[in-house]
Amino acid sequence: MREKIIAIHSSRGGTGKTTIAVNLALTYAHEGLNIALLDLDFRAPSLFGVFSEGIKKPVKCWLNDFMLDRCEIGQVLIDVSDKYSLDGKLLIGLANPTIEAIRNMMGRSRAWEVAAAKKLFSVRTSIFNEMHMDCCIFDTSPGIQYSSINGVVSSDVTVIVTTLDSLDIEGVKNMLVEFYDEFEKKSVILMNKVFPQTRMWSDNERNELITKMQRVFKRPIIGVIPCYCDVLEANRDSPLIAENPSHPFLKDLQEVGKKLENI
Ligand SMILES: Nc1ncnc2c1ncn2[C@@H]1O[C@H](COP(=O)(O)OP(=O)(O)OP(=O)(O)O)[C@@H](O)[C@H]1O
Ligand SMILES: [Mg+2]
């Protein structure tokens, strides 16, 4: 894969963006790719919690500091490759999870948010030209407020994660029409947490669902991942791949990852 920024986005919260972003990044890095994973969910940061055990604390520079012009992106990125015995590199950029930092980011003006888009664009040059990463994954916040939109706009392709919940489906449809069509961003849909019985489905049954959803969203469906009880119950403080590298959820993500490489 050559220099691709993938944003993981959704219309509503809790569809599985962070779980997918983290495990997709680890899957790629296991395969030998060099990956940067950035937490752009400044309203509800998650990556600090996920990677907490594998990093030195206190964290000196957060992504917030980079966005606020207080440091360079290179000072934010933390190398966690050794912790997970990866063939490639995994660098993570963490959003500050303290209430004070969240309030600070949420209270920013619209003008600042627009300027922040430029900061995110500059990440591309640093990550690809200077750090020689193969791919950068943005974990974003749901919906179309500026912080998530900036991530989507600066990416090469966006993976919109949705469940089969009717509110999620309606939300994605609206978001595609009101925002994505406008920006002509390349986007694909990843169905997640679909009924557990899809694991037993034949290829025909699966393809029927894919065709139906492709008609609904007018976008390619890049994968259909079932709801796995043990993913739901997994320890939130550590990535699934570290605890259970042969889990079928990761096989599903490997397939998604391969398709994304060719988009
Ligand atoms: N395929 C799956 N099967 C079962 N549980 C899943 C699956 N994918 C994600 N989950 C679970 O769903 C919950 C929400 O996941 P996650 O935090 O990744 O969502 P999110 O979209 O990042 O949420 P937010 O919008 O709040 O940032 C977690 O408990 C996670 O373990
Ligand atoms: Mg999340």
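Since the structure is predicted, the reported quantities are computational estimates derived from the model, not experimental observations.

**What to know about the packing of helix 8 (residues 166-183) against helix 9 (residues 203-217)**
Turning to step 1, where the next piece is worked out: In the contact formed by helix 8 and helix 9, the axes pass within 10 Å of each other and the chain directions differ by 45 degrees. For the element pair helix 8 / helix 9, the angle class is oblique. Between helix 8, through I169, V172, K173 and L176, and helix 9, the contact on the second element is made entirely by M213, V216 and F217.
Turning to step 2, where the next piece is worked out: When its residues are assigned to classes, the contact of helix 8 with helix 9 shows six nonpolar, no polar and one charged.

**A look at the nonpolar core**
The tendency in soluble globular proteins is for nonpolar side chains to be buried side by side.
Turning to step 1, where the next piece is worked out: Formed by 43 residues in total, the largest nonpolar core has its most connected members in L37, F51, L90, I137 and L260.
Turning to step 2, where the next piece is worked out: Contacts of L260, omitting those with residues within four sequence positions, involve K4, I6, L24, Y28, V157, V159, V188 and I222.
Turning to step 3, where the next piece is worked out: Counting residues in hydrophobic clusters, the runner-up holds 27 residues, among them L63, M67, I127 and M133.

**Focus: the sheet that holds strand 2 (residues 35-39)**
Turning to step 1, where the next piece is worked out: The strand order across the open sheet formed by eight strands is 3-4-2-5-1-6-7-8, and the pairing between neighbours is mixed. Each having just a single partner strand, strand 3 (78-79) and strand 8 (221-226) make up the two edges of the open sheet.
Turning to step 2, where the next piece is worked out: In the packing of helix 8 onto the sheet, contacts are made with strand 1 (4-9), strand 6 (157-162) and strand 7 (187-194), and the angle to strand 6 comes to roughly 155 degrees.

So, how was this worked out
- Residues numbered from 1 in each chain as written.
- Chains lettered and ligands numbered in written order.
- Predicted model: local features only at pLDDT ≥ 70, side-chain atom pairs only at ≥ 80, totals over all residues.
- Heavy atoms only, no water.
- Axes fitted to C-alpha atoms, helices over the stretch in contact; angles between N-to-C directions.
- Helix = DSSP H or I, 4+ residues; strand = E, 2+ residues; numbered from the N terminus.
- Parallel < 35°, antiparallel > 145°, perpendicular 65-115°, else oblique.
- Contact = heavy atoms within 4.5 Å.
- Nonpolar A, V, L, I, M, F, W, Y, C, P; charged D, E, K, R; others polar.
- Core = buried A, V, L, I, M, F, W, Y, C linked by side-chain atoms within 4.5 Å.
- Buried < 20%, exposed > 50% of the residue type's maximum accessible area, 1.4 Å probe, protein only.
- Pairing = 2+ DSSP bridges.

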